[in-house]
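# Structural overview for review
Residues per chain, in single letters:
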Amino acid sequence: MSLNHLDMNPTAAPCVMVIFGATGDLTKRKLIPALCNLAQDEVLPKQFAIVGFASNDFDTTSFRKMLSEEIPKYVSTPIDPKLWDWMSERIYYVKGDFVDPEAYKRLDQQINEADKRHNTLGNRFFYLAVAPRFFSPIAQMLGQCCLTKEESGHWARVIIEKPFGHDLESAKKLNQELNQVLTEKQIYRIDHYLGKETVQTSWSSAFPTTSSSRSGIATTLTTCKSPRPKPSASSTAAAFTRRLARFATWCPITFSSF
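Residues numbered from 1 in each chain as written. Predicted model: local features only at pLDDT ≥ 70, side-chain atom pairs only at ≥ 80, totals over all residues. Heavy atoms only, no water.

### Some words on the packing of helix α2 (residues 25-40) against helix α4 (residues 81-88)
With their axes 11 Å apart at the nearest point, α2 and α4 run at an angle of 115° to one another. Classified by the angle between their axes, α2 and α4 sit roughly perpendicular to one another. At the point where α2 passes α4, the crossing takes the right-handed sense. Facing Ile32, Leu35, Cys36, Ala39 and Gln40 of α2, the residues of α4 in contact are Leu83, Trp84, Trp86 and Met87. Its residues placed into classes, the contact of α2 with α4 shows eight nonpolar, one polar and no charged. (Axes fitted to C-alpha atoms, helices over the stretch in contact; angles between N-to-C directions. Helix = DSSP H or I, 4+ residues; strand = E, 2+ residues; numbered from the N terminus. Parallel < 35°, antiparallel > 145°, perpendicular 65-115°, else oblique. Left-handed = near helix turned anticlockwise from the far one by under 90°. Contact = heavy atoms within 4.5 Å. Nonpolar A, V, L, I, M, F, W, Y, C, P; charged D, E, K, R; others polar.)

Laid out in C-alpha cells, this is it:
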C-alpha cells in the first residue's frame, strides 16, 4: 500500500480533536487557521469536532468568541464566513488543570457529547500544544482516565508538539514514560518549526515509510543539535498546515497498516 497520503489526498476519518493548551498562541496563530485551510481543501471530515482544554477562565461560548476575534489576525487570506460558522459550531472548551482527575472527567463528558452531536464514531486524538514538561503528566492522566483506550474499532492518538526531549537521553526517557500508557502506533511527534528544507526532506523521506520513525530519536537529534533561524510567519504557517494535512490523511490508512 502506498503511504504517499498527501498525493492521494483522502478525507480523514471522523474524530474529535482535543487541544491541550488551547488558549495559547499556537492554537490561534497556527492550529485553527491550519484546520480552516484543511476544511477549505476538503481534507477534514464533516464528522469532526474540537475540544479545547486549558486552565484559563473560558467556557465554550467565550472561547468561540475569543477565537472569532483572534483568528482573523493570523490568517493570510480572509476565512469564508460560512466555513468559519461550520468550524465554530464544532468547537468546545473545558477548563481544568493538566493533572486534575476531576478535570479529565469533565473532558471525557465533553468529548462524548461532541461525539454524539457530530457523529465522530468514538475516534479522538489529543494534541499536546503545551510546554514539554507536561507531555508525560498529560499522557499519564489520559491513560489513567481511559481516554486513550481503543476498543470496538475506535482509535485514539496523541500528538506531541515541539521538540521531543532536549537530547537523546531525555527523548528515550520520554518514550519510556509514554509507552507505559500508550502503544507506539498511538504516538505522533511533530515540530511546527521544521523550517529548513533539509529537515523537511529528512522528515518526509523517513516518517511515512517506517514505524520506527515514530520513536522520535532522529527528529529529536535534528531538532536539538541543528540550530536554525526562525522562518517567516507565512512559511511556518504553510509548513504547519502541511504537517496537519499529513497527519489528517494518515488517519484512515495508518490505523490499519501497522
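So that's the structure; there's more coming.
### Here we look at the packing of aromatic side chains
Summed over the entire model, instances satisfying the criterion amount to ten aromatic pairs. Here phenylalanine 20 and phenylalanine 98 contribute two aromatic rings whose centre-to-centre distance is 6.0 Å and whose plane-to-plane angle is 65°, an arrangement assigned as edge-to-face. Placement of the pair is phenylalanine 20 in strand β1 (residues 15-20) and phenylalanine 98 in the loop between β3 (91-95) and α5 (101-118), with a sequence separation of 78 residues. Taken individually, phenylalanine 20 and phenylalanine 98 each receive the classification buried, so the pair is uniform in this respect. Geometrically, the ring pair formed by phenylalanine 53 and phenylalanine 98 is stacked, given 6.0 Å between the ring centres and 25° between the ring planes. With a gap of 45 residues between them, phenylalanine 53 in strand β2 (residues 48-54) and phenylalanine 98 in the loop between β3 and α5 connect regions that are remote in the sequence. Residue class for phenylalanine 98 comes out buried when judged on its relative accessible area of 13%. Each residue in the set Phe20, Phe53, Phe98, Tyr104, Phe126 and Phe134 is aromatic and connected to the rest through ring pairs, giving one cluster. The ring of tryptophan 86 carries lysine 46 above its face, with NZ or CZ at 5.7 Å from the centroid. Taking the ring centre of tyrosine 92 as reference, the NZ or CZ of arginine 64 above it sits at 5.1 Å. (Phe/Tyr/Trp six-rings, centres within 6.5 Å; stacked < 30°, edge-to-face > 60°. Buried < 20%, exposed > 50% of the residue type's maximum accessible area, 1.4 Å probe, protein only. Lys NZ or Arg CZ within 6 Å of the ring centre and 35° of its normal.)

### Focus on unusual backbone geometry
We note that leucine 121 has phi near 65°; this positive angle belongs to a residue other than glycine. As for its placement among the helices and strands, leucine 121 is situated in the loop between α5 and β4 (124-128). The backbone of serine 152 sits at a positive phi, close to 55°, despite the residue not being glycine. Structurally, serine 152 can be placed in the loop between α6 (135-144) and β5 (156-161).

### Overview of the sheet that holds β5
Strands sit in the order β3-β2-β1-β4-β5-β6 across an open sheet of six strands; the sheet is parallel. Only two strands of the sheet have a single neighbouring strand rather than two, namely β3 and β6 (187-190). Pairwise comparison of adjacent strand axes, ignoring direction, gives a mean angle of 20° for this sheet. Where β1 lies against β4, five bridges are found, and the strand directions are parallel. By the bridge assignment, phenylalanine 20 is partnered in β4 with leucine 128. (Pairing = 2+ DSSP bridges.)

### Some points on the pattern of salt bridges
Per the counting criterion, the structure on display carries twelve salt bridges. Across the pair aspartate 57 and lysine 95 runs a salt bridge whose closest N-O atoms are separated by 3.6 Å. Of the two residues, aspartate 57 is situated in the loop between β2 and α3 (60-70) and lysine 95 in strand β3; the sequence distance between them amounts to 38 residues. A relative accessible area of 39% means that lysine 95 is categorised as partly exposed. A salt bridge links arginine 189 to glutamate 184; the shortest N-O distance between them is 3.1 Å. (Salt bridge = Lys/Arg side-chain N within 4 Å of Asp/Glu carboxyl O.)

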